[in-house]
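The lines below spell out each chain.
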Amino acid sequence: MFPKYDVIVVGAGHAGCEAAVAAANLGSKVLLVTMNMQTIAQMSCNPAMGGVAKGQIVREIDALGGYSGIVTDHTAVQFRMLNLSKGPAMWSPRAQSDRMQFAAKWRQMLEAHPNVDFWQDMVSGLLVKNGVVVGVMTGMGLQIESQAVVLTNGTFLNGIIHIGEKQFGGGRAGEQAATGITEQLIQLGFEAGRMKTGTPPRLDGRSLDYSRMEIQEGDNPAGKFSYTDTPRLERQLPCHITYTSQEVHDVLKEGFEKSPMFQGRIQGLGPRYCPSIEDKINRFADKERHQLFVEPEGWDTCEIYVNGFSSSLPEDVQFKALRKIAGFENAKMFRPGYAIEYDYFPPNQLKLSLETHLVKNLFFAGQINGTTGYEEAGCQGLMAGINAHLAINEQEPFILKRSEAYIGVLIDDLVNKGTEEPYRMFTSRAEYRILLRQDNADLRLTHLMEKMMGENADSAFGEAPSIAQRMEKVREKQAAAQSIEQYFKETSVTPDQVNGYLESLDSAPIRQQVKLHGILLRPNVDLAGLRNVLPDLDSQLNQYDSDYLSEAETSMKYDGYIRKEQEMADKMLRLEAVKIYENFDYQQLTSISKEAREKLSKVRPHTIGQASRISGVTPADVSVLLVHMGR
């Protein structure tokens, strides 16, 4: 019935979809197995992509040939660039999506790929021979063979949904949990744990009074995620902002005695940076109100997502509290919020390629590794799919460094530090965030994919452009930025041309002709301001795309900081270049601490640089390792 596949991907959430596409784009024949073909790429929680640091990840996925950015651009209802009041290293794109269109577009793009097949079934176990995964076993009793398997089970592994004192098995509202895999992996020697996440109630937008809320419009003109020729939004839906109050908090407290979280029925830890509303009012008792974002679910629905009101309290308590919120006085609820508890596997059981140490050619991606968020899941799926293809073709794994991508930071953190609570990406986690901006992911990463794909870089499937086509745009962008910078360094301006503008910014006037480049480097001076007062400059720059102008401006204004950070990264890369023998016996190193021996033996770092980032490994331990590696 089935051929032998190159790669089987289990689960069709954000991680699974990107894993399937990544392996298929490289030439692997992929089977995507999901329990429900109608929920492929479902936005289980908020109808949005991107955000602080997450937006950078979506851009990186796009630069590496993934589909998340393309799908988001085709299905967005609003786009905003966050943190524009801060420096460019902090700017983060975010888009509200049409939930139904998003899933439909993902499925359409997957079905357009000739290397992706589908099967609707529950995977109940793995086929493992001599420490190598050779396929999967399904709930129907089928055995499907493959050379590699990527597990992206999300919240479905032994999932339990909690609403007040009610609890029932499920991986998502209205969908059954997946069983069997956890128990088998534990038998194989894996360590498992429990985590918790939650979602807020969904409301009928027709029952809300938006005049009592603050409106939040999208950017004009709207930006986009993908570096490819995807459409830009011409019209947008607004979001709104409202707040809880002390009265709302008092109503919620009435349900605390039935809260599964406070009564100990939930054992798993929830996301620290996205707590439930009951957790917020308990932990931040001094706060009189909490901000809520009222987000539309799409163009053709009245369903509303209440961002910031995640809850597992009884549904009647949720409803009563919601009606005390400004604008929600007559609110009708479509469904209550709930918490969900599920199995995960501490990620220090993985290699940096996301392949497991215990079973060859078995890869984990997404919430099974203890992360939270569509973007974190999607980038892991992408990397697992790429590395599954490389592993079965006996090629070196594709591993991104911390100085190359937020994806590199995320995977390095997971593998070397592990996590006991849902891991979420922030700009503060990246020590080289000036290098890892949202505007330059294509310049940082696309050439790596071109090199990996070699003569197959021209391959294009469905609507997605080939890596070769993407590299053409990268080279065009690089050439444009260089040309703009050269113009600024060669073109002079006189005092009468710019002094009025400079004085308006409280910047010292010039007394003689100076190069435009020097003017741009001043604080508060920007490209837009200079174009307003210099018609010749405006005419010269009109030929360039706005993204190219932004890249050139950032490169010029922050050149000193960028070079300094690159030098720091290059110093650390020297340690990354020192490889550790694959089967090195750390127990023989009696001159390092027992803790270091245990951690190194468990993580099995690939390089000295990776070893230096493992908690419990000291600089002195690293020096001993360097001696043993002949350095």
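Cut-offs applied
Residue positions within a chain follow its written sequence, with the count starting from 1. Note on the predicted model: pLDDT of at least 70 is required for a residue's local features to be given, and 80 or more for side-chain atom pairs to be given and counted; whole-chain, interface and lining totals, by contrast, use all residues. Calculated side-chain values reflect all of the structure's heavy atoms, with hydrogen atoms and water omitted. Paired strands, in this sense, are two strands between which DSSP finds at least two bridges. The helix count covers DSSP runs of H or I at least four residues long, the strand count covers runs of E at least two residues long, and both are numbered beginning at the N terminus. Angles run from 0 to 180 degrees between N-to-C directions of axes, and those axes are lines fitted to C-alpha atoms, restricted for helices to the stretch in contact. By convention a nonpolar core is built from buried Ala, Val, Leu, Ile, Met, Phe, Trp, Tyr and Cys residues, the set being connected through side-chain atoms within 4.5 Å. Throughout this description, buried means an accessible area under 20% of the type-specific maximum (1.4 Å probe, protein chains only), exposed means over 50%, and partly exposed covers the range between. Between two residues, a contact is recorded if the distance between any of their heavy atoms is within 4.5 Å. Patch definition: residues with relative accessible area over 30% and no salt bridge; like charges joined within 9 Å; nonpolar side chains (Val, Leu, Ile, Met, Phe, Trp, Tyr) joined within 5 Å. Surface accessibility follows the Shrake-Rupley procedure with a 1.4 Å probe radius. Residue values consider only the protein chains on display as shielding. Salt bridges are identified by distance alone: a Lys or Arg side-chain nitrogen within 4 Å of an Asp or Glu carboxyl oxygen. Positive residues here are Lys and Arg, negative ones are Asp and Glu, while His and the chain termini are left out of the count. Taken as the charge centre is NZ of Lys, CZ of Arg, CG of Asp or CD of Glu, depending on the residue. Throughout, the term roughly parallel applies to angles under 35 degrees, roughly antiparallel to angles over 145, roughly perpendicular to angles from 65 to 115, and oblique to all others. Crossing handedness: left-handed means the near helix sits turned counterclockwise from the far one by under a right angle, and right-handed means the same turn made clockwise. Under the convention adopted here, Pro, Cys and the residues Ala, Val, Leu, Ile, Met, Phe, Trp and Tyr are nonpolar, Asp, Glu, Lys and Arg are charged, and Gly plus all remaining residues are polar. Here a Phe, Tyr or Trp ring, Trp counted by its six-membered ring, pairs with any other such ring whose centre lies within 6.5 Å, and the pair is stacked when the planes are under 30 degrees apart, edge-to-face when over 60, and tilted otherwise. Lysine NZ or arginine CZ positioned within 6 Å of the ring centre and within 35 degrees of the ring normal marks a charge as sitting over the ring. For the purposes of these results, a polar contact is taken to be a pair of N or O atoms within 3.5 Å, where, inside protein, one atom must be able to donate a hydrogen and its partner to accept one; residues adjacent in sequence count only when each atom of the pair is a side-chain atom.

Re the sheet that holds strand E14 (residues 214–216)
So, step 1. Here six strands make up an open sheet; going across it, the order is E14-E15-E16-E17-E13-E18 and the pairing antiparallel. Taken across any chain shown, the strands that pair with only one partner, and hence form the sheet edges, are E14 and strand E18 (333–335). For this sheet the average axis-to-axis angle between neighbouring strands, irrespective of direction, equals 35 degrees.
So, step 2. Here E14 runs beside strand E15 (residues 239–243); their pairing, made up of three bridges, is antiparallel. Among the inter-strand pairings, Ile 215 is bridged to a residue of E15, identified as His 240.

Notes on the sheet that holds strand E4 (residues 76–82)
So, step 1. Spatially, three strands are ordered E3-E5-E4 in an open sheet, and the strand pairing comes out antiparallel. Of all the strands in the sheet, the pair left with one neighbour each is strand E3 (48–50) and E4. Averaged over all pairs of adjacent strands, the angle between strand axes in this sheet comes to 15 degrees, irrespective of strand direction.
So, step 2. Both E3 and strand E5 (residues 92–97) contribute to a ladder of three bridges, which runs antiparallel. Note that in E5 the partner of Ala 48 across the bridge is Gln 96.

Digging into the nonpolar core
So, step 1. Membership of the largest hydrophobic core comes to 127 residues, with the highest contact counts inside it found for Leu 151 and Leu 362.
So, step 2. Excluding residues within four positions of it along the chain, Leu 151 makes contact with Val 10, Leu 126, Ile 181, Leu 185, Leu 362, Phe 363, Phe 364, Ala 365 and Ile 368.
So, step 3. In this structure, Ile 519, Val 525, Leu 527 and Leu 549 belong to the second largest nonpolar core, which totals 24 residues.

A word on a negative patch on the surface
So, step 1. A surface patch of negative charge is lined by Asp 458, Glu 472, Glu 476 and Asp 545.
So, step 2. Tracing the sequence through the fold places Glu 472 in helix H12 (residues 467–490).
So, step 3. Accessibility expressed as a relative area gives 55% for Glu 472, which makes it exposed.

Some thoughts on the packing of H12 against helix H17 (residues 546–557)
So, step 1. Between H12 and H17, the shortest axis-to-axis distance is 9 Å and the interhelical angle comes to 55 degrees. As far as their axial angle goes, H17 and H12 are oblique. Judged by the sense of rotation from one axis to the other, the crossing of H12 with H17 is right-handed. Residue-level inspection shows Lys 473, Glu 476, Lys 477, Ala 480, Ala 481, Ile 484, Glu 485 and Phe 488 of H12 in contact with H17, the latter providing Asp 547, Tyr 548, Leu 549, Glu 551, Ala 552 and Met 556.
So, step 2. In the contact of H12 with H17, the residues fall into eight nonpolar, no polar and six charged.

Side note on the pairing of strand E19 (residues 338–344)
So, step 1. Counting buried residues along E19, seven of its seven residues qualify, which places the element largely inside the surrounding structure.
So, step 2. What you see with E19 is no split at all: Tyr 338, Ile 340, Tyr 342 and Tyr 344 on one side and Ala 339, Glu 341 and Asp 343 on the other are buried throughout.
So, step 3. Pairing of strand E10 (residues 160–163) with E19 involves three bridges; the strand directions are antiparallel. Within E19, the position partnered with Ile 160 by the bridge is Glu 341.
So, step 4. As defined by bridge partners, strand E12 (residues 193–199) adjoins E19 across seven bridges and the pair is classed as antiparallel. The partner of Arg 194 across the bridge, within E19, is Asp 343.

Digging into helix H13 (residues 495–504)
So, step 1. Taken together, the buried positions of H13 are occupied by Val 498, Asn 499, Tyr 501 and Leu 502.
So, step 2. Buried residues along H13 sit in contact with strand E21 (492–493), helix H14 (516–520) and helix H15 (527–533).
So, step 3. Asp 506 sits one or two residues past H13 and shows a positive phi near 60 degrees.

A short note on the pattern of salt bridges
So, step 1. For the structure shown, the criterion picks out 37 salt bridges.
So, step 2. Residue Arg 172 is joined to Glu 175 by a salt bridge in which the shortest nitrogen-to-oxygen separation is 2.8 Å.
So, step 3. Shared partners join several salt bridges into a network, and the residues in it are Arg 402, Asp 412, Asp 413, Lys 417, Glu 431, Glu 576 and Arg 613.

Things to note about the packing of aromatic side chains
Each aromatic ring pair is specified by the distance between its two centres and by the angle formed by the two planes.
So, step 1. Counting across every chain of the model gives ten aromatic pairs.
So, step 2. On the basis of an interplanar angle of 50 degrees and a centroid distance of 6.1 Å, the ring pair of Tyr 581 and Phe 584 is categorised as tilted.
So, step 3. When its relative accessible area of 8% is taken as the criterion, Phe 584 is described as buried.
So, step 4. A connected cluster of aromatic rings, assembled from ring pairs, spans Phe 190, Phe 345 and Phe 364.
So, step 5. Over the ring of Trp 299 we find Arg 235; its NZ or CZ atom is 4.1 Å from the centre of that ring.

Brief notes about the side chain of Glu 376
So, step 1. Considering the arrangement of structural elements, one finds Glu 376 in helix H9 (residues 374–392).
So, step 2. Within the local environment of Glu 376, its side chain forms a polar contact with the backbone nitrogen of Met 425, the two atoms lying 3.0 Å apart.
So, step 3. Contact partners of Glu 376, with chain neighbours within four places excluded, come to Lys 54, Thr 371, Leu 410, Tyr 423, Arg 424 and Met 425.

Points about the pairing of strand E11 (residues 166–169)
So, step 1. Two elements, E10 and E11, share four bridges in a ladder whose sense is antiparallel. Within E11, the residue paired with His 162 across the bridge is Gln 167.
So, step 2. Between the antiparallel neighbours E10 and E11 lie two residues, among them Gly 164 with a positive phi of about 60 degrees.

Examining the packing of helix H3 (residues 68–75) against helix H4 (residues 99–111)
A pair of packed helices is characterised by two quantities: the angle between their axes and the separation of those axes.
So, step 1. Where H3 meets H4, the axes come as close as 9 Å, and the angle between the chain directions of the two elements is 130 degrees. With respect to H4, the element H3 is oriented oblique. Crossing geometry of H3 relative to H4 is assigned as right-handed. Residues Ser 68, Ile 70, Val 71, Thr 72, His 74 and Thr 75 of H3 form the contact with H4, whose participating residues are Gln 101, Phe 102, Lys 105, Trp 106 and Met 109.
So, step 2. Residue composition of the contact of H3 with H4, by class: five nonpolar, five polar and one charged.

A look at the side chain of Thr 419
So, step 1. Assignment of secondary structure puts Thr 419 in the loop between helix H10 (406–417) and helix H11 (441–453).
So, step 2. Given a relative accessible area of 12%, Thr 419 falls into the buried group.
So, step 3. At a separation of 2.5 Å, a polar atom in the side chain of Thr 419 contacts the main-chain carbonyl oxygen of Glu 421.
So, step 4. With sequence-adjacent residues up to four places away left out, Thr 419 is seen in contact with Met 195, Tyr 344, Pro 347, Asn 369, Gly 370 and Leu 414.

Fair warning: the whole summary comes from geometry, so function is off the table for now.
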